[in-house]
Amino acid sequence: MANMAPNKIPMPEQAPDVRNKNYLEVALGYSEEQAVEEASRCINCKNKPCMNGCPVGVQIPDFISKIAEGKFAEAYEIITQTNSLPAVCGRVCPQETQCESKCVRGIKNEPVAIGRLERFAADYYLNHCERKTPDIKKNGHKVAIIGSGPAGLTCAGDLAKLGYDVTIFEAFHAAGGVLVYGIPEFRLPKAIVAQEVEGLKKLGVVLKRAKYFITCRGKMEAGTRFSQEEVLCAMMSQKTLSLYRQSGYSADGSKQVSFFEPPAVLTGELQKCLSGQM
């Protein structure tokens, strides 16, 4: 029977007089007992409205049910079927305006703490389990992704699962983009991002330092050459998140690329794009 407690289990945090003396993560995460208790608040709605609020379509009731049963590793595996960065999303994704805003429990009381449970499942797996190397059937196509920000990492994970040989080209020293260089340590530890990147490498994603970039108009800078059959360029700025696609760049980079709005990154439109349906 569902736990009908009206409020979420509070997130354990560093005390103010402790956290004002360090740069460590403020939120400490649920214990196993707290996670099971919070997961039991889910009433497993038939229509699963919370999933309508999730941009990547995580099977939310399914992974929460696994946590309620104490099967934490299985919960993580359900999440990663559609989300390659669960430890990151569990911390910085705006669940309160997305999945949790659709939660039926939130109509009269507080919604289920979906984000905290996602973080718990990811942290548990990363700390207690060995990452599995999935058996992915390669499709014989290569993809280059320019930039290793959240859009680039998301593209890399999704494409690797579809069988593409993926290479990410990054200009900075560390992969992660705004996750590393824009979010402070006490909100999103760099080690967490590094662990998620290692997970992508397990999928076969290759990271390389790059000297050239894609311009805002989608042209390759002169002198840049890639042997990849297809180039996907995920670009993040303060105002835009764009997906670019072009088959067979010319050596001088003179060809224009097609432009897609952000949902192409976050939904099944990405697969349509790659299959030539867009």
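Residues numbered from 1 in each chain as written. Predicted model: local features only at pLDDT ≥ 70, side-chain atom pairs only at ≥ 80, totals over all residues. Heavy atoms only, no water.

Digging into the nonpolar core
Part 1 of the reasoning: Core analysis: the biggest nonpolar cluster contains 28 residues, and Ile145, Leu153, Val166, Leu179, Leu188, Val193 and Val205 have the highest contact counts within it.
Part 2 of the reasoning: Looking at this core, the elements with two or more residues in it are helix 6 (86-92), helix 7 (114-128), strand 1 (142-146), helix 8 (150-161), strand 2 (165-170), helix 9 (178-181) and helix 10 (190-202).
Part 3 of the reasoning: At 5 residues, the largest contribution of residues to this core is made by helix 8.
Part 4 of the reasoning: Not counting the four nearest positions on each side in its chain, Val205 is found in contact with Ala156, Ala160, Val166, Ile168 and Leu200.
Part 5 of the reasoning: By size, the runner-up hydrophobic cluster in this structure holds 25 residues, among which are Cys54, Ile60, Ile67 and Phe120. (Core = buried A, V, L, I, M, F, W, Y, C linked by side-chain atoms within 4.5 Å. Buried < 20%, exposed > 50% of the residue type's maximum accessible area, 1.4 Å probe, protein only. Helix = DSSP H or I, 4+ residues; strand = E, 2+ residues; numbered from the N terminus. Contact = heavy atoms within 4.5 Å.)

Digging into helix 2 (residues 32-39)
Structurally, the α-helix is built with 3.6 residues per turn, so residues lying three or four positions apart point the same way.
Part 1 of the reasoning: Residues of helix 2 that are buried include every one of Ala35, Glu38 and Ala39, and no others. Looking straight down helix 2, one finds its buried side chains confined to an arc of 100°; they lie on one side. (Arc of directions from axis to C-beta.)

What about the confidence of the model for the chain?
Part 1 of the reasoning: On average, residues of the chain score 81 in pLDDT, and 75% of them reach the 70 mark or higher.
Part 2 of the reasoning: When the elements of the chain are averaged for pLDDT, strand 5 (residues 241-247) gives the smallest value, 37, and helix 2 the largest, 98.
Part 3 of the reasoning: Ignoring residues within four places in sequence, the model shows residues 212-278, a span with pLDDT below 50, making 136 contacts including any to other chains. (pLDDT = per-residue confidence, 0-100.)

Overview of the packing of helix 2 against helix 7
Part 1 of the reasoning: Where helix 2 meets helix 7, the axes come as close as 10 Å, and the angle between the chain directions of the two elements is 140°. The angle between the axes of helix 2 and helix 7 places the two elements in the oblique class. Relative to helix 7, helix 2 is oriented so that their crossing is left-handed. On the side of helix 2, the interface is formed by Glu32, Ala35, Glu38 and Ala39, while helix 7 contributes Leu117, Phe120 and Tyr124.
Part 2 of the reasoning: Here the contact of helix 2 with helix 7 is built from residues that sort into 5 nonpolar, no polar and 2 charged. (Axes fitted to C-alpha atoms, helices over the stretch in contact; angles between N-to-C directions. Parallel < 35°, antiparallel > 145°, perpendicular 65-115°, else oblique. Left-handed = near helix turned anticlockwise from the far one by under 90°. Nonpolar A, V, L, I, M, F, W, Y, C, P; charged D, E, K, R; others polar.)

Overview of a nonpolar patch on the surface
Part 1 of the reasoning: Taken together, Met4, Ile43, Val104 and Ile107 make up a surface patch of nonpolar side chains, about 380 Å² in accessible area.
Part 2 of the reasoning: Within the fold, Met4 resides in the segment before helix 1 (16-19).
Part 3 of the reasoning: Given a relative accessible area of 55%, Met4 falls into the exposed group. (Patch = residues over 30% accessible without salt bridge, like charges linked within 9 Å, V, L, I, M, F, W, Y side chains within 5 Å. Areas by Shrake-Rupley, 256 points an atom, 1.4 Å probe, with all protein chains shown as cover. Salt bridge = Lys/Arg side-chain N within 4 Å of Asp/Glu carboxyl O.)

Points about helix 10
Part 1 of the reasoning: The terminal C-alpha atoms of helix 10, which comprises 13 residues, lie 19 Å apart, in line with the 18 Å expected from a rise of 1.5 Å per residue.
Part 2 of the reasoning: By the burial criterion, the buried members of helix 10 are Ile192, Val193, Glu196, Val197, Gly199 and Leu200. Buried residues of helix 10, seen end-on, are gathered within an arc of 150° and therefore sit on one face of the element.
Part 3 of the reasoning: Where helix 10 is buried, its residues meet helix 6, helix 7, helix 8, helix 9 and strand 3 (206-209).
Part 4 of the reasoning: Where helix 10 terminates, the next one or two residues include Gly204, which has phi positive at roughly 105°. (Expected span 1.5 Å × (residues − 1).)

Notes on the environment of Tyr76
Part 1 of the reasoning: Counting through the fold element by element, Tyr76 comes out in helix 5 (residues 72-79).
Part 2 of the reasoning: Separated by 49 residues in the primary sequence, Tyr76 and Tyr125 have C-alpha atoms spaced 6.7 Å apart.
Part 3 of the reasoning: Leaving out residues up to four positions away in the same chain, Tyr76 has contacts with Pro86, Ala121, Ala122, Tyr125, Leu126 and Arg131.

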